[in-house]
Amino acid sequence: MTNPSLLILPGDGIGPEVMAEVRKVIDWFGANGGPVFDVSEDLVGGCAYDAHGTPLHDDTMARAQEVDAVLLGAVGGPKYDSLDFSLKPERGLLRLRKEMDLYANLRPAQCFDALADFSSLKTEVVSGLDIMIVRELTSGVYFGEPRGIIEEGNERVGVNTQRYTESEIDRVARSAFELAMRRGKRLCSMEKANVMESGVLWREVVTQVGKDYPEVELSHMYADAGAMQLTRWPKQFDVIVTDNLFGDLLSDLAAMLTGSLGMLPSASLGAPMANGRPKALYEPVHGSAPDIAGQGKANPIACILSFAMALRYSFDRGEDAARVERAVETVLADGLRTADLLGEEGKAPVSTSEMGDAIVAALAKG
Ligand code: NAD
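Now for a description of the structure that goes with this document. (Residues numbered from 1 in each chain as written. Predicted model: local features only at pLDDT ≥ 70, side-chain atom pairs only at ≥ 80, totals over all residues. Heavy atoms only, no water.)

Below, the discussion takes up the pairing of strand β2 (residues 38-41). Within a regular strand, side chains alternate between the sheet's two faces. Bridge count between strand β1 (residues 5-11) and β2: four bridges; the pairing is parallel. In the strand pairing of β2, I8 is matched with E41. In this fold, β1 hands off to helix α1 (residues 15-31), which returns the chain to β2; that crossover is right-handed. (Pairing = 2+ DSSP bridges. Helix = DSSP H or I, 4+ residues; strand = E, 2+ residues; numbered from the N terminus. Right-handed = clockwise from strand over helix to strand, strands pointing away.)

The structure is reproduced here in structure tokens:
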């Protein structure tokens, strides 16, 4: 049997620095009886533009369509700010998401106990928090037509259209139910069915899909009430599914419950491939952080946790994913902090590679 394949796209800025730490984790599993991956590496973003004059070469795009999962670092940087819109590093990432048709964006909000004090909310509100937001990523008001700024009488009007087909709602709802089945079997769907027809249809379709998942307890909430509940008592949720616009807001809100940008992983999933695995792109939420790039200050945990999501959702290695998460928990409990996690005075931060090494050492201990 061939090994599962992984395409690594480190990208720009701190992308290659944090990805180097992920490679240590991948190598550790390979050398210690864990999964062995067929890993290839390629360019995306500004570095791809420098090499090929495009932020994503067609060959890289083709490779991304073939592999079992793609793991991306980050793209962008001030060097590329003056490029034409179509050549900007971010276009490479957007092309990947679009052509792979990655319609379900998974954003976990998980609070490691050692960092509970770091949250802007009270410790008891966030301690032990583990929720997952599933955001529809390829439709809704960011894509709906008509759109634009039009002349109407003697003034201009900005127009965007919220539009969802039944099949678009159905497929993202299925992704969310599947996730709920692997987790706490509770799913809360959020929309604004009180004021939006797209919300009425959303609720109907999610309810219908729910009949195929009788073990999952489904609830519905208006998205504005959902935002309040997420800050009041986030632990009431397990999985949340919502549309593109509300998901954009709610996933950022939920992510920040737990602290630093350097801690936040994500996954974007599409339709199942012939081998049953979903098309998948895993990446930290943060960008290329040009302000700290090349200084060994970046926190590699978001990228390492993105790899843990790949283990769980693409490769059915939930035990190994949990092992990575436990290793992260251990190093944080031991007091190791990269600079972004240091609130207290007088403590010396560890470097990117020291954090990676410590996580690998904790993996080895189990
Ligand atoms: P950013 O996420 O790169 O940085 C925001 C702040 O968070 C910075 O102060 C940075 O030092 C800090 N930070 C981010 N990740 C960190 C980590 N792992 N460890 C420690 N500190 C970390 O966002 P930005 O500054 O708005 O954007 C910089 C560039 O990244 C821009 O070119 C932007 O377009 C691009 N960007 C790319 C992505 C992506 O690749 N998915 C996402 C957002 C921004």
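Direction vectors running N to C along helix α3 (residues 58-66) and helix α4 (residues 89-99) enclose 40°, while the axes themselves pass 10 Å from each other. Viewed along their axes, α3 and α4 adopt a mutual orientation that is oblique. As α3 packs across α4, the resulting crossing turns out to be right-handed. Together, D58, M61, A64 and Q65 of α3 and R95, L96 and E99 of α4 make up the contact between the two elements. (Axes fitted to C-alpha atoms, helices over the stretch in contact; angles between N-to-C directions. Parallel < 35°, antiparallel > 145°, perpendicular 65-115°, else oblique. Left-handed = near helix turned anticlockwise from the far one by under 90°. Contact = heavy atoms within 4.5 Å.)

Let us now look at unusual backbone geometry. For the bond running from E145 to P146, omega is 0°, close enough to zero to count as cis. In this fold, P146 is placed in strand β6 (residues 144-152). For K185, which is not glycine, the phi dihedral falls at a positive 60°. Overall, K185 belongs to the partly exposed group, its relative accessible area being 30%. With phi around 40°, A289 is a residue other than glycine that occupies positive phi space. In this fold, A289 is placed in the loop between β12 (278-284) and α10 (301-313). (Buried < 20%, exposed > 50% of the residue type's maximum accessible area, 1.4 Å probe, protein only.)

Going through the model one piece at a time under the given rule, you end up with 22 salt bridges. D224 is the salt-bridge partner of K192, the closest N and O atoms lying 3.0 Å from each other. Here the residue K192 occupies a position in the loop between β8 (186-191) and α7 (197-210), and D224 occupies one in helix α8 (residues 223-232), the gap between them amounting to 32 residues. With a closest N to O distance of 2.7 Å, D320 and R317 form a salt bridge. Judged by relative accessible area, which is 11%, D320 ranks as buried. A single network of salt bridges, built from pairs that share partners, joins E21, K24 and D357. (Salt bridge = Lys/Arg side-chain N within 4 Å of Asp/Glu carboxyl O.)

Attention now goes to the pairing of strand β10 (residues 239-242). Residue alternation in β10 divides its side chains into two sets, V239 and V241 and I240 and T242, and both sets are buried. Where strand β5 (residues 130-136) and β10 come together, four bridges link them in parallel fashion. Bridge pairing in β10 places M132 opposite V239. Pairing analysis gives four bridges linking β8 to β10, with the strands arranged parallel. Within β10, the position partnered with M190 by the bridge is T242.

As a further point, take the layout of surface pockets. Taken as a whole, the largest pocket holds about 910 Å³ of empty space. Lining the largest pocket we find 34 residues, and of these L93, L94, R97, L137 and E283 sit closest to its centre. For the lining of the largest pocket, the secondary-structure elements that each account for two or more residues are β3 (69-74), α4, β4 (104-110), α9 (244-256), β11 (265-272) and β12. Each residue belonging to the lining of the largest pocket can be placed in one class, and the counts come to 13 nonpolar, 11 polar and 10 charged. Roughly 430 Å³ of volume is contained in the second largest pocket. Lining the second largest pocket are 18 residues, with S175, E178, L269, P272 and P278 sitting closest to its centre. (1 Å grid on protein atoms, 1.4 Å probe; cavity = no way out; pocket = protein on both sides within 12 Å on 5 of 7 lines; lining within 4 Å. Points joined across faces, edges and corners; volume = space filled by probe spheres on them. Nonpolar A, V, L, I, M, F, W, Y, C, P; charged D, E, K, R; others polar.)

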